[in-house]
Number of protein chains: 2
Amino acid sequence: MRRGNVPAPIARLRDELARLPGIGPKTASRLAFYLLRAPEEQREALAAAIASLGTEVVTCHICYNLAEQDPCSICADEARDHRLICVVEEPLDVWAIERTGAFGGVYHVLHGVLSPLERMGPDDLKIRELVDRVRAGGVEEVILATNPSFEGEATAMYIYQQLAPLGVRVTRLARGLPMGGDLEYADEVTLARALEGRRPV
Amino acid sequence: MRRGNVPAPIARLRDELARLPGIGPKTASRLAFYLLRAPEEQREALAAAIASLGTEVVTCHICYNLAEQDPCSICADEARDHRLICVVEEPLDVWAIERTGAFGGVYHVLHGVLSPLERMGPDDLKIRELVDRVRAGGVEEVILATNPSFEGEATAMYIYQQLAPLGVRVTRLARGLPMGGDLEYADEVTLARALEGRRPV
């Protein structure tokens, strides 16, 4: 007697889905099965959206945010205040702040935080690029908007030490964000208020 | 001043992911962002796995399980006991039972349960097809392995009423599965034991 197996196409999709963060094997099976019965256009739209990611998204050479063109629409916008740089961990944080509509400056995306456990040191982040940007002149204030977590605080402190000799004003988002939380999950009002109430480091 | 937006390719993928069951907008954003930074071969493998689902998976015309060929490998296997039919709600349940290695018969997949709320009546399930299969002869026992939930019980009872006049033995999986649970999530030992201890309805 042969054991019946999950058909190979479903097993393949299940295994690929299970590689995604936060998706276990059971969830992966259910999603694969859902997609199998979903309309073909939904499957095709999802497959196309995944496949087109790599070719259509670029990194802005000024702020290191992900964008559709380089420089990104924020860095290219003359109406924004280029003397004010908000430093965030991830592109998702830029979009969270943009949704508040409370910030008119520009950004700098670190692409991570200092984390000895995950072997992320200063050279793995866009910290030197930030220092160069400030050193090039024209920047009056740098807002350190890393997450209110242990690593986010440590990263902010490290960056502050790098920027202090340059004479630029360095601020941190107001405490209004709960410790241990994640900036990306803050509601828009909380995030807007934290931005308004920012204080010098 | 223009607000910076999530690049269109990421927004598109996020929106497609958010259409999947159990994936909210925040999880969809995180997954889209993860995929953006994943190696290109991982993205391509996932996109290909999704796209190939529709063309490579068929329904077995005997048991209505999903398979790579029709009839499926279980129905086509002469070494299995075709006098014993195990009736399940979904293909995932077939694979859960196959993993136990405790069942040597064949299956019948209903593709759902009776549910007035979801407007699933007997004609939406493969119940008539099961009755026809039993009526065609050669079947000695039908194991009703629907989930131990309210709908699963009601569906089993309905099927029992349809099969009783045909003089076939009808059994139900042993209580060992917790009420309100989902067969698919049962561990293999519990499921194997429930199969061994099956009782007449």
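Definitions and cut-offs
Residues numbered from 1 in each chain as written. Chains lettered and ligands numbered in written order. Predicted model: local features only at pLDDT ≥ 70, side-chain atom pairs only at ≥ 80, totals over all residues. Heavy atoms only, no water. Contact = heavy atoms within 4.5 Å. Buried area = accessible area lost by both parts, 1.4 Å probe. Salt bridge = Lys/Arg side-chain N within 4 Å of Asp/Glu carboxyl O. Polar contact = N/O pair within 3.5 Å; in protein donor to acceptor, adjacent residues only side chain to side chain. Helix = DSSP H or I, 4+ residues; strand = E, 2+ residues; numbered from the N terminus. Expected span 1.5 Å × (residues − 1). Least-squares fit on C-alpha atoms with pLDDT ≥ 70 in both. Buried < 20%, exposed > 50% of the residue type's maximum accessible area, 1.4 Å probe, protein only. pLDDT = per-residue confidence, 0-100. Pairing = 2+ DSSP bridges. Axes fitted to C-alpha atoms, helices over the stretch in contact; angles between N-to-C directions. Left-handed = near helix turned anticlockwise from the far one by under 90°. Nonpolar A, V, L, I, M, F, W, Y, C, P; charged D, E, K, R; others polar.

Peer 1: Honestly, the interface of chain B and chain A in this entry has me stumped. Any pointers?
Peer 2: A common measure of how large an interface is: the accessible area buried when the components associate. Taken together, the contact pairs 63 residues of chain B with 63 residues of chain A. In this assembly, chain B packs against chain A so that about 6,100 Å² is buried in total across both faces, 66% of it on carbon and sulfur atoms. Considering only the surface of chain B that becomes buried against chain A, Met1, Ile50 and Leu53 of chain B emerge as the three largest contributors, covering 11% of it. At the boundary of chain B and chain A, one finds 4 salt bridges. Note that Arg12 of chain A is salt-bridged to Glu56 of chain B, the shortest N-O span being 3.4 Å. At the surface where chain B touches chain A, the tally comes to 8 residue pairs in polar contact (both at pLDDT 80 or more).

Peer 1: I would appreciate a short explanation of helix H2 (residues 25-37) of chain B in the present structure.
Peer 2: In an α-helix there are 3.6 residues to a turn, and that puts residues three or four apart on one side. With 13 residues, H2 of chain B extends 19 Å from end C-alpha to end C-alpha; this agrees with the ideal 18 Å at 1.5 Å per step. In this structure, the buried side of H2 of chain B is in contact with helix H3 (40-56), strand E2 (66-67) and helix H4 (91-100) of chain A together with helix H1 (8-17) and helix H3 (40-56) of chain B.

Peer 1: Help me out: how do you make sense of the relation of the copies chain B and chain A in this one?
Peer 2: Both copies of the chain are tied together by a single rotation about an axis and a shift running along it. Screw-axis analysis of chain B against chain A gives a translation of 0.0 Å along the axis, an RMSD of 0.1 Å, and a rotation angle of 180°. Taken together, the rotation and translation describe the operation of a two-fold axis. Closest to the rotation axis within chain B is the C-alpha of Ala47 of chain B, separated from it by 2.1 Å. The overlap is high: 100% of the interface residues of chain B also sit at the interface in chain A, so the same surface is used on both sides.

Peer 1: Mind showing me how you'd approach helix H1 (residues 8-18) of chain A here?
Peer 2: Looking at H1 of chain A, one finds that the buried residues are Pro9, Ile10, Ala11, Leu13, Glu16 and Leu17 of chain A. Buried residues along H1 of chain A sit in contact with helix H2 (25-37) of chain A together with H3, strand E2 (66-67) and helix H4 (91-100) of chain B.

Peer 1: What exactly am I supposed to notice about the pattern of salt bridges here?
Peer 2: Where charged atoms from two side chains of opposite charge approach closely, those side chains can pair. Residue and element names in this part refer to chain A. Evaluated as defined, the whole model comprises 22 salt bridges over all chains. Its salt-bridge partner being Asp81, residue Arg83 comes within 3.0 Å of it at the nearest N-O pair. Looking at Asp81, the relative accessible area reads 25%, which means it is partly exposed. It is possible to trace a salt-bridge network through shared partners that takes in Asp81, Arg83 and Glu140.

Peer 1: What exactly am I supposed to notice about the environment of Ala156 of chain B here?
Peer 2: By the element assignment, Ala156 of chain B lies in helix H6 (residues 150-163). Among residues more than four places away in sequence, those in contact with Ala156 of chain B are Leu144, Thr146 and Arg172 of chain B.

Peer 1: Help me understand the confidence of the model for chain A in this model?
Peer 2: The predicted coordinates ought not to be read in detail in places where the model reports low pLDDT. All names here are of chain A. In this model, chain A carries a mean pLDDT of 88, and residues with pLDDT of at least 70 account for 95%. Highest mean pLDDT in chain A belongs to helix H5 (residues 127-135) (97); lowest belongs to strand E7 (residues 199-200) (68). Confidence metrics for the complex model read pTM 0.69 and ipTM 0.71.

Peer 1: What should I look at first to understand the pairing of strand E6 (residues 169-172) of chain B in this one?
Peer 2: The two faces of the sheet receive side chains in turn, since in a regular strand these alternate between them. Note that strand E5 (residues 141-144) of chain B and E6 of chain B share 4 bridges and pair parallel. Note on E6 of chain B: the bridge partner recorded for Leu144 of chain B is Arg172 of chain B.

Peer 1: Honestly, the packing of helix H5 (residues 127-135) of chain B against H6 of chain B in this entry has me stumped. Any pointers?
Peer 2: Angle between the axes and distance between the axes are the two parameters that describe a pair of packed helices. All names here are of chain B. Interaxial distance between H5 and H6 falls to 10 Å at its minimum, and their mutual angle equals 35°. Handedness of the H5/H6 crossing: right-handed. Between H5 and H6, the contacting residues are Ile127, Leu130, Val131 and Val134 on the first element and Tyr158, Ile159, Gln162 and Leu163 on the second. Classifying every residue of the contact of H5 with H6 gives 7 nonpolar, 1 polar and no charged.

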